[in-house]
Amino acid sequence: PRAQLAENTPRSIGSEFHWIPRDDGPGIALPAPAVFFSLGRHAIVSAAHKCLSPTGRLWLPSYFCSHTTSTLNSAGIQTTFYFDHPLRSEPNWETLRPSPGDCVLFVNYFGVRAQKPFAAWQVKHPETPSIEDHSHDPCSSWALQSRAMFAMASLRKTIPMPDGGLLWSPIQQQLPTDPGLGSWNGTGLKLAAMVY
């Protein structure tokens, strides 16, 4: 039997890797042009500031990182939730009711979801900008063919690195010019733990 997740139960998915020294083999081509951030959540904050009206809300899936939600709220971004989690092929669309000025964050959990239902929702709601989280496969066909206003990835979820966020605009919106440096203390400690 499939596990059931209550709509009001906060959940998240994370990853940690050991340090893998880079060899001379081919790398992966990340989406470009793009801006790098110290954390994936900083990329979401930056995109949300560009998408939302001053009174708009950012709609997040119910299965989402509580630390990222706290960071968004601390940055003055009002958040609300629609029902979605990794055991579903698509959200419960009836729970997603944005108002003018709102923005929606979609997550491609584990990089295995089909783009079609999300693209169909975007076509039906052209007035509502969307941000897509492709942390689990930033090079998927959906990530590379997206029509969202912004897309992002928390790079530590798929690449053996301590932290890092990537933000790009599939429809070529202007990207932030100064993502800010943030604090590197946690990243330094994580890198030391990965190498050790």
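Please refer to the structure placed before this passage.
So, how was this worked out
- Residues numbered from 1 in each chain as written.
- Predicted model: local features only at pLDDT ≥ 70, side-chain atom pairs only at ≥ 80, totals over all residues.
- Heavy atoms only, no water.
- Buried < 20%, exposed > 50% of the residue type's maximum accessible area, 1.4 Å probe, protein only.
- Helix = DSSP H or I, 4+ residues; strand = E, 2+ residues; numbered from the N terminus.
- Arc of directions from axis to C-beta.
- Contact = heavy atoms within 4.5 Å.
- Pairing = 2+ DSSP bridges.
- Axes fitted to C-alpha atoms, helices over the stretch in contact; angles between N-to-C directions.
- Disulfide = S-S within 2.5 Å.

Caption draft 1: Representation of helix 3 (residues 116-124). Among all positions in helix 3, only F118, W121 and Q122 are buried. Angular distribution of buried residues about the axis of helix 3 spans 100°; they occupy a single face of the element. Helix 3 presents K116, V123 and K124 as exposed residues on the side facing more than 90 degrees away from its buried surface. Considering only its buried residues, helix 3 is in contact with strand 4 (103-107), strand 5 (130-133) and helix 4 (141-145).

Caption draft 2: Molecular detail of unusual backbone geometry. Cis geometry marks the peptide bond from A32 to P33, where omega comes out at 0°. Its location among the elements puts P33 in the segment before strand 1 (34-37). Despite not being glycine, F110 has its phi angle at roughly 60°, a positive value. Along the polypeptide, F110 turns up in the loop between strand 4 and helix 3. For F110, a relative accessible area of 47% gives the class partly exposed. Non-glycine residue Q172 carries a positive phi angle of around 65°. Within the secondary structure, Q172 is located in the loop between strand 7 (165-168) and helix 5 (185-195).

Caption draft 3: Spotlight on the sheet that holds strand 3 (residues 78-82). Spatial ordering of the open sheet is given by 1-7-6-5-4-2-3, a layout of seven strands whose pairing is mixed. Edge strands, defined here as strands with exactly one partner in the open sheet, are strand 1 and strand 3. Sheet twist, expressed as the average angle between the axes of neighbouring strands with direction ignored, equals 25°. Across four bridges, the pairing between strand 4 and strand 5 is parallel. In the sheet register, V104 faces strand 5, and the bridge partner there is S130. Across the sheet, helix 3 touches strand 4 and strand 5, and the angle it forms with strand 4 is around 170°.

Caption draft 4: A look at the state of the cysteines. Considering all chains together, one arrives at zero disulfides under this definition. Free cysteine C51: the closest other cysteine sulfur is in C103, separated by 3.8 Å. Overall, C51 belongs to the buried group, its relative accessible area being 10%.

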